[in-house]
Structure formats: structure tokens, C-alpha cells
Amino acid sequence: MVSEFAGFASLAPAYPEMLLAVCAMALLMIGVFAKKEIAPSISGIAIGVLIAVGVLIVFGGTEGTIFAGGFINDGFARFMKVLIIAGSVFALILTVSTAADKGLNKFEYPVLIVLATLGMLMMVSANDLMSLYVGLELQSLSLYVLAAFRRDSAKATEAGLKYFVLGALSSGMLLYGASLVYGFTGHTQLDQIAQAVALGERNVGIIFGLVFLLAGLAFKISAVPFHMWTPDVYEGAPTPVTAFFASAPKVAAMALLIRIVFDAFEPIARDWQQVIIFISIASMVLAAFAAIGQRNLKRLIAFSSIGHVGFALVGLSAGNLVGVEGVAIYMAVYLTMTIGLFACILALKNEDGYVENIDDLAGLSQNRPFVAAMIAMFMFSLIGLPPLAGFFAKWHVFLAAIEARLFILAVIGMLASAVSAFYYLRVVKVMYFDEPVNSYATPAIELRFVMALTGFLVLSYYFTVGAPLAQLAHNAAGSLF
């Protein structure tokens, strides 16, 4: 009995994931055997469970490596896990008043969110190519179903199918890369791969494996040239699902990318830096110009997310502690801006349904001044205008690039920001200078709460959370080095 307890105690670094897995199965059983519609209750319980797991990660998280080195819980993992939990919680909160309209009022929806979150937590703590793939596929399979959750919607079905087909292709590339790395190093554990790479000569097979791994992960963060699924999936999926896609999974995939390149391939940093620099420039430039012609709000946000992934990769391109710190800060700020912007979109409902196109926002400042002000502030922050949070996020990643003497990359990033200002400012112009075309109902209280909270964080970033977040990001990045 004592030995069994000691064995369970040794699993302490994975307690949050174990709790989440048990609760996901319990929620699934409750939903299956309940004799009445129980979706709202399941959603409420899921929010509570995710918050409890977040508290456990922050205050009770035990750091260490378990499962024969396949699972690691360190400062970096804990920081990113908190961001993922926050994104999942807010995604569920955004669904509370919109579930019936968006066809999400079924108990499977919050269960899938919880399972996707479990996969993301596994991804962040993966210290082995096999555990990495298990976490990645648990997340991906849940997201495929979420994208096509509205079976009566042709757009949602198309989005789910495109996501599934292209996701399967990316998983194949990632697996092929993992098999090459294993074949040429003889290891699947990340630190052992690093030792083998450091001791051996620069092997072409390992380089090919690294490239295929990066290609598979580039799909998950929707970086160019593996971005083609993003606009269609974002447009076709229900808006609360799109809000989830644009927040937590981006953080998890970026964290996984950081862990792989630093934990497994740090000895050949110059090789992967070239790849990261290329996809960073391609993402920033393509998004800056491709978004100009967009009229659909969700497609605009899709190209915006591609661009912001490029900006985050500017920090990773530096290949040092300052760069990882910058990426961590950038993902936290991006998560806040994205959740706030989607809360604003879901708050705009009239007799014809929810806002879809930019032109539907005409004259919004006269009908819903608070929502218009929040959207304008998020747009200014996405551009990177001071003193909003987006400015400081870009400042951190550009600073890392300059310290690494990547001057051309930093200049291209700043020019891409200037070009992207066109389509962000166009939204503001439509809201404040065009004649009203719609009147919108009063937003639900939880949507107003999310807008106010995220708006406050974005507006007062420098005076409130800026310094603590920078310190936490610095500590998290330090645990990788």
C-alpha cells in the first residue's frame, strides 16, 4: 500500500494532466447517461475544472521529469500551460450565451475543449518524440471535430474536412521527420537527441528530419507556407470555435516548437534558425498583403494570426534567452488581444444574426460605442501602437532580433507592421466614419466582462501586468537554458 502511494506521488509533475483526463471522462459519462439536456451544466463544470487545473499548475505544480523521461514539467511548461488554460476557459465563456445560436449547445462541445486542452498540456511537457506525437494528435483530433461540429452547416463541414486532410498531411510530415531523427541518432528523447547531435558530425539525415519536423509544426501554428487551411477553417467554423483555434492551440504549438529546437537541436542552431527566419519573413509579408483584400471579419483575423505568428517567430529566430522571453510575452499578449476581439464580434447580434463582414460594422460607434471603442483599441494594439500591449510585445521580439544582429529581419517586421496598419485602420474607419446600417442587441454580461477585462489589460499593460509578465517570461525562458 505504501509503495503504491509512493508510486503515485512520483507522478506529481503530471497531476494537472491526470486530473483533466479523469474529469474529461467523467463529464463524457455524465453527458451520455443524463436523461435531460445537460450541456450548460457540463460547460459550467468544464470551466470550473479548467480553472482548478490552472490553480494547481500555478500553486501546486511539481517540477521534474517522469515516464522514463517522456514528460517534463519545468518553468517554461508551467508558464505556457497557464496561457493555454486561460485561452480554453475564455473560449468556453464566450460560448455561454451564443451556444444555441451557433449550434454548440451539446455536451460534447465542452468535453472536446477539455480533451483538446489536455493534448495541448501534453504537447508543452513533451520531452520525447513519442509523447510529443500523442499530445499533438489528441489536440488535433479534438480540433477536427470542433471545426465540423455544426453538421447542418455546409461551411463548417467543409472547414472540418479541409482541416482534417491538411492536418493528416502535416502529421505525416512530422512523423517522417521524427523517424529520420530517430534513425540517425538512435534516440527519441529530446535531451538524448541533443547529445547525439552534439557528439556526431553535422549529418544531412538529421537536417532533413529537422526540416520535416519544422514543417509539421509550422502547419500547427499556421505559418507560411503551411497556412492555406487557416482562412477557410476560421471562416467556416462557428465563431466561438474560431476564437478557440486562434488562441490556445497557437500557444501550445509555439511552445512545442520552442522546446524541440532548444532541447533537441540546440547544437545545430544555425541550421534551424535559417528555416525559422524564412517562415517568419514569409508569414509577416504574406499576411500583410493578403489581408488587404479581405471583407470577411474571420478571414481577416485568420490572416492577422498568420502575421502575428511571423512576428513571434522573429523572437525565436534570435536563438537566445531574450528571444524565447520575447516569444512568451508575445503569445500572452496575442492571446489577450484575440480573446477580446472575438468577444466583441460575438457581442454584435441583430435580427439577421451575428456580424460577418467588415461592412456590417458601419456606424457601430453610434449604436454600440463601448464595443466600437474596444474593437478600435484591439486594432491599434494589433498594429503595435504605443502605449498598448501590442507595442511592447513587438518591442520585445524586435529587441531580441536586434541583439542577435538580425537587423534585416527586424526591419522587414517593422515594415510589415506598417503595411498591416492599412487593414486594421480600415475597420476603425468603417465603425467611426460610415453611416450605420445595423442596430445590435445588448451584449450578454459575460461578453461585456471579457471585453472589459481584456481591454483593461491591453490598455494598462505597461502600468499593471507588463513588469510581472516580463519577469515570469524571463524565468520561464531561463528554465530552457
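Residues numbered from 1 in each chain as written. Predicted model: local features only at pLDDT ≥ 70, side-chain atom pairs only at ≥ 80, totals over all residues. Heavy atoms only, no water.

Let's talk about helix α14 (residues 269–290)
Turning to step 1, where the next piece is worked out: The terminal C-alpha atoms of α14 lie 31 Å apart, and with 22 residues this matches the ideal 32 Å at 1.5 Å per residue to within 8%.
Turning to step 2, where the next piece is worked out: The complete set of buried residues in α14 reads Ala269, Asp271, Trp272, Gln273, Ile276, Ile279, Ser280, Ala282, Ser283, Met284, Ala287 and Ala288.
Turning to step 3, where the next piece is worked out: Buried positions along α14 lie against α10 (204–220), α13 (248–264), α15 (297–317) and α20 (407–433). (Helix = DSSP H or I, 4+ residues; strand = E, 2+ residues; numbered from the N terminus. Expected span 1.5 Å × (residues − 1). Buried < 20%, exposed > 50% of the residue type's maximum accessible area, 1.4 Å probe, protein only. Contact = heavy atoms within 4.5 Å.)

Topic: the side chain of glutamate 17
Turning to step 1, where the next piece is worked out: Mapped onto the fold, glutamate 17 is located in helix α2 (residues 15–33).
Turning to step 2, where the next piece is worked out: Those residues in contact with glutamate 17 that lie beyond four places of it in its chain are Phe71, Lys81, Leu118, Leu121 and Ser125.

Some remarks on the packing of aromatic side chains
Turning to step 1, where the next piece is worked out: One pass over the full model with this rule turns up 17 aromatic pairs.
Turning to step 2, where the next piece is worked out: With a centroid separation of 5.8 Å and an interplanar angle of 70°, the aromatic rings of tyrosine 109 and phenylalanine 149 are classed as edge-to-face. A residue pair is termed long-range when its members are at least 10 positions apart, and tyrosine 109 in helix α6 (residues 108–125) and phenylalanine 149 in the loop between α7 (129–147) and α8 (154–185) qualify at 40 residues. Both residues of the pair, tyrosine 109 and phenylalanine 149, belong to the buried class. (Phe/Tyr/Trp six-rings, centres within 6.5 Å; stacked < 30°, edge-to-face > 60°.)

With respect to the environment of glutamine 192
Turning to step 1, where the next piece is worked out: Here glutamine 192 lies in helix α9 (residues 190–199).
Turning to step 2, where the next piece is worked out: Residue glutamine 192 is classed as partly exposed on the basis of its relative accessible area of 31%.
Turning to step 3, where the next piece is worked out: A distance of 3.1 Å separates the side chain of glutamine 192 from the side chain of histidine 187, its partner in a polar contact. (Polar contact = N/O pair within 3.5 Å; in protein donor to acceptor, adjacent residues only side chain to side chain.)

Focus: unusual backbone geometry
Most peptide bonds are trans, and most residues other than glycine sit at a negative phi.
Turning to step 1, where the next piece is worked out: Here the bond from valine 224 into proline 225 is cis, since omega is 10°, no more than 30 degrees from zero.
Turning to step 2, where the next piece is worked out: Tracing the backbone through its elements, the reader meets proline 225 in the loop between α10 and α11 (229–236).
Turning to step 3, where the next piece is worked out: The amide bond that connects proline 386 to the next residue, proline 387, takes the cis arrangement and shows omega of 5°.
Turning to step 4, where the next piece is worked out: Along the polypeptide, proline 387 turns up in the loop between α18 (369–383) and α19 (389–403).
Turning to step 5, where the next piece is worked out: Not every positive phi belongs to a glycine, and arginine 405 is a case in point at roughly 65°.
Turning to step 6, where the next piece is worked out: Turning to its location among the elements, arginine 405 is positioned in the loop between α19 and α20.

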